[in-house]
Amino acid sequence: MQAMYLIVAAVVGMQHPVLPRVVVPAPAHAQAALEALNALDALGALDALNALEGLKVLDALDAVGPWDSAPLLNEQDPTDSLWRAARRAFNRGDYASAGKLYADLARRYPDVTRAGDALYWAAFALYKNDNLDRARDLLLTQQQRYPKAATLRDGYSLLARIQTALAKQGDSEAAAWLTEHAQPVQPAEPAQPAQPAQPAQPVSTRGCPDEDDEDDLRVAALNGLLQMDATNALPILKKVLAKRDGCSAGLRRKAVFIVSQKRGGETEDILLDVARNDPDSEVRQQAVFWLSQVGSDRAVTALDSILRSATDPELQDKAIFALSQIHNARAAQILRDYATNERASDEAREKAIFWLGQQGSAENAAFLRALYAKVTGEDLKEKVIFSLSQMGGADNGRWLMDIALNEREPVEMRKKALFWAGQTGGNLEQLAGLYDRMQNQEMKEQLIFVYSQRHEAAALDQLIRIAKTEQNKELRKKAIFWLGQSHDPRAAQVLLEIINP
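Only a predicted model underlies this, so the values are computations on that prediction, with no experimental measurement involved. Within every chain, residues take consecutive numbers counted from 1 along the sequence as written. At least 70 in pLDDT is required for a residue's local features to be given in this predicted model, at least 80 for side-chain atom pairs to be given and counted, and no such filter applies to totals for whole chains, interfaces and linings, which use all residues. Side-chain measures here rest on the full set of heavy atoms in the structure, leaving out hydrogens and waters.

Draft legend 1. Summary view of the packing of aromatic side chains. Between 30 and 60 degrees the pair is tilted, below 30 it is stacked and above 60 it is edge-to-face, where a pair is any two Phe, Tyr or Trp rings, Trp via its six-membered ring, whose centres lie within 6.5 Å. For the structure on display, the rule yields 20 aromatic pairs. Where F354 meets W355, the ring centres are 5.0 Å apart and the plane angle is 80°; that geometry is what we call edge-to-face. Using a 1.4 Å probe on the protein chains alone, a residue whose accessible area is under 20% of its type maximum counts as buried, one over 50% counts as exposed, and one in between counts as partly exposed. Exposure remark for F354: the relative accessible area of 24% places this residue in the partly exposed category. Overall, the relative accessible area of 23% leaves W355 in the partly exposed class. Ring centres 5.5 Å apart and planes at 65° place the aromatic pair F449 and W482 in the edge-to-face group. Residue F449 is located in helix α25 (residues 441-453), and its partner W482 is located in helix α27 (residues 473-484); the two are separated by 33 residues in the primary sequence. Owing to a relative accessible area of 24%, W482 belongs among the partly exposed residues under this scheme. What links up through ring pairs into an aromatic cluster is the set F257, F289, W290, F321, F354, W355, F386, F419, W420, F449, F481 and W482. Sitting over a ring, as applied to charges here, requires NZ of Lys or CZ of Arg to be within 6 Å of the ring centre and within 35 degrees of the ring normal. The ring of W83 has R114 sitting right over it, with the charged end atom 4.3 Å from the ring centre. One residue, K444, lies across the ring of Y435, its end atom 4.1 Å from the ring centre. Numbering of helices and strands runs from the N terminus; a helix is a DSSP stretch of H or I covering at least four residues, while a strand is a stretch of E covering at least two.

If you want it as structure tokens, here you go:
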């Protein structure tokens, strides 16, 4: 889900800069837009991207208007008429006029409170009009002259997007800015003699950012690299990933994701290096996860090595999952070998068995049926039963029934096999004939439950027969209970007959 938010944020971000955090009235179209955005939370990454067009989210947001809802000052304020005129121009889409008017306000009245915000809105209008160089200059001026402006933080986010767009056009200054601001915070230097005051820096560039902190300038700069080609983006990302301090871990996690989205010769090398050498467990795990999208022979070899040598259980889990997503014979064989490895933990072996079951190949099914007799742990046996039940197929269905009928098997395993045989559409005629052959009461109880979960008339017939003729009172009571849960009129009639014989 996290990847979904990153991708959606990047797509939306390239179309609309960050808007100041203001409260505006919510007309009907605004409410619809918000509901549409909330709906994206329930979608997968690809569905969310497709839904952006279908739901018309961006069009709905544009209809909220006006973006600039800062309260007007009193009529005596000399800037008020300029502000009104600029806002009207912006709201009707005349961005050239709006940019000029907002900029004129800041130039003519540099000492008023709203001058700093006027620079932001001027830059915003110029950005909408594709005048990126001038928009960048205005935002830099805002940072230098108006460190307390209400729109300052949004100005930093807008600047990151402008620099990204300029870097894509070959602007070396913009590329250098992205390189600098995507870097983690450097360790503190020894105290120096007092220097003249410097322009204020955004609060969000201090501290240790999380990869999801979209307000942090470094994270915004890294997000900008999603829009750059691999040739320009990867050198910057490699510098971020070369850091080893704990404070940069959040940025490194973000960088791993962005690397994974680049298609180039270096992508695999970078992910392999991070998976093996990064000091942060979560960063290594993410690199291992994204190796599954590479799927090359080198990636498979690296994942095999990580799986066998890693001592971090979570890293092993990621390696197992990554191998399960690489659909080739060698990756599957590595998982099968690991599932039989008695030196590995049962938990890790269970995950390998689970993912083998999700692949559904005949080779994996034959392997799991044979593995069941070799493993001794109940959890491992149960996982084999479950995985085979998820594969489906006549051979696996017969195998489950054989386990259910085998009195040499532990009762719990037989019950599990019987349950999954019923849940996965096992032959009802065969299941109906089992009851009289069963000698174990627990197995009969389980079979009654299996009948209750089937919707065929023959399953209800079995419950009725047991409720009427079973000599064991406890088993009759079980059948009667499940008849009471049925909405079939026949069940109601049988219960009436039992009540009034």
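Draft legend 2. Examining the side chain of Q285 more closely. Tracing the backbone through its elements, the reader meets Q285 in helix α15 (residues 281-291). Not counting residues within four places of it along the chain, the set of residues in contact with Q285 comprises D312, E314, L315 and K318. Contacts are assigned to residue pairs that have any heavy atoms within 4.5 Å of one another.

Draft legend 3. Up close: the packing of helix α18 (residues 329-339) against helix α19 (residues 346-359). Across the interface, α18 lies against α19 with an axial gap of 8 Å and an inter-helix angle of 140°. Between α18 and α19, the crossing angle belongs to the class labelled oblique. Seen along the crossing, α18 lies across α19 with a hand that is left-handed. Facing A332, L335, R336, Y338 and A339 of α18, the residues of α19 in contact are A348, R349, A352, I353, L356 and Q359. Geometry is summarised by axes, namely lines fitted to C-alpha atoms with helices restricted to the contacting stretch, and by angles between N-to-C directions that run from 0 to 180 degrees. Geometric relationships in this document are graded by angle, where less than 35 degrees denotes roughly parallel, more than 145 denotes roughly antiparallel, 65 to 115 denotes roughly perpendicular, and other angles denote oblique. When the near helix sits turned anticlockwise from the far one by under a right angle, the crossing is termed left-handed; a clockwise turn instead gives a right-handed crossing.

Draft legend 4. Representation of the pattern of salt bridges in the model. Only one rule defines a salt bridge in this text: a Lys or Arg side-chain nitrogen within 4 Å of an Asp or Glu carboxyl oxygen. One pass over the full model with this rule turns up 27 salt bridges. With a shortest N-O distance of 3.2 Å, R107 and D104 are connected by a salt bridge. Of this pair, R107 and D104 both sit in helix α6 (residues 95-108), 3 residues apart, roughly one helical turn. Its salt-bridge partner being D317, residue K351 comes within 3.8 Å of it at the nearest N-O pair.

Draft legend 5. Here's a closer look at the state of the cysteines. Counting rule for disulfides: a pair of cysteine sulfur atoms within 2.5 Å. Following the criterion strictly, the structure yields 1 disulfide and no others. The disulfide partner of C208 is C247, and the S-S distance across this bridge is 2.0 Å. Between C208 and C247 the disulfide shows an S-S torsion of about -115°. By sign, it is left-handed. Separated by 39 residues along the polypeptide, C208 in the loop between α10 (172-181) and α11 (217-225) and C247 in the loop between α12 (230-241) and α13 (249-260) bring together distant segments of the chain. Since its relative accessible area comes to 24%, C247 is described here as partly exposed.

Draft legend 6. Seen up close, the confidence of the model for the protein. The score called pLDDT rates the predictor's confidence residue by residue, from a low of 0 to a high of 100. On average, residues of the protein carry a pLDDT of 77, and 78% of them reach 70 or more. The low-confidence segment residues 21-75 (pLDDT under 50) makes 74 contacts with residues lying over four places distant or belonging to another chain. Every residue in residues 185-205 is under pLDDT 50, and counting partners more than four places away or in other chains gives 21 contacts.

Draft legend 7. Molecular detail of the nonpolar core. Within this scheme, the nonpolar core is defined by two criteria: the residues are buried Ala, Val, Leu, Ile, Met, Phe, Trp, Tyr or Cys, and they are joined through side-chain atoms within 4.5 Å. If you look at the biggest cluster of nonpolar residues, it comprises 135 residues, and the most contacted ones within it are L225, L237, L368, L418 and L431. The element that contributes the greatest number of residues to this core is helix α7 (residues 115-128), accounting for 11 residues. In this structure, L225 is in contact with L178, A233, I236, L237, I258 and K262, ignoring residues within four places of it in sequence.

Draft legend 8. Representation of helix α9 (residues 152-168) in the model. Expected helix span is given by 1.5 Å per residue-to-residue step, counting one fewer step than there are residues. Here α9 is 17 residues long and its end C-alpha atoms lie 25 Å apart, about the 24 Å a rise of 1.5 Å per residue gives. Of all 17 residues that make up α9, 14 are buried, and the element is covered over most of its length. At the exit of α9 stands G170, carrying a positive phi of roughly 95°.

Draft legend 9. Main features of a negative patch on the surface. Like-charged residues are merged into a patch within 9 Å and nonpolar side chains (Val, Leu, Ile, Met, Phe, Trp, Tyr) within 5 Å, provided each residue has over 30% relative accessible area and no salt bridge. To be clear on the numbers: accessible area is Shrake-Rupley with a 1.4 Å probe, and residue cover counts the displayed protein chains and nothing else. A residue counts as positive if it is Lys or Arg and as negative if it is Asp or Glu; His and the chain ends are not included. Here the site of a charge means NZ on Lys, CZ on Arg, CG on Asp, or CD on Glu. A cluster of acidic side chains, namely E347, E378, D379 and E382, defines a negative patch on the protein surface. It is helix α21 (residues 378-391) that provides the largest number of residues to the negative patch, a total of 3 residues. Position of E382 relative to the elements: it lies in helix α21. Relative accessible area serves as the criterion here: at 30%, E382 is assigned to the partly exposed category.

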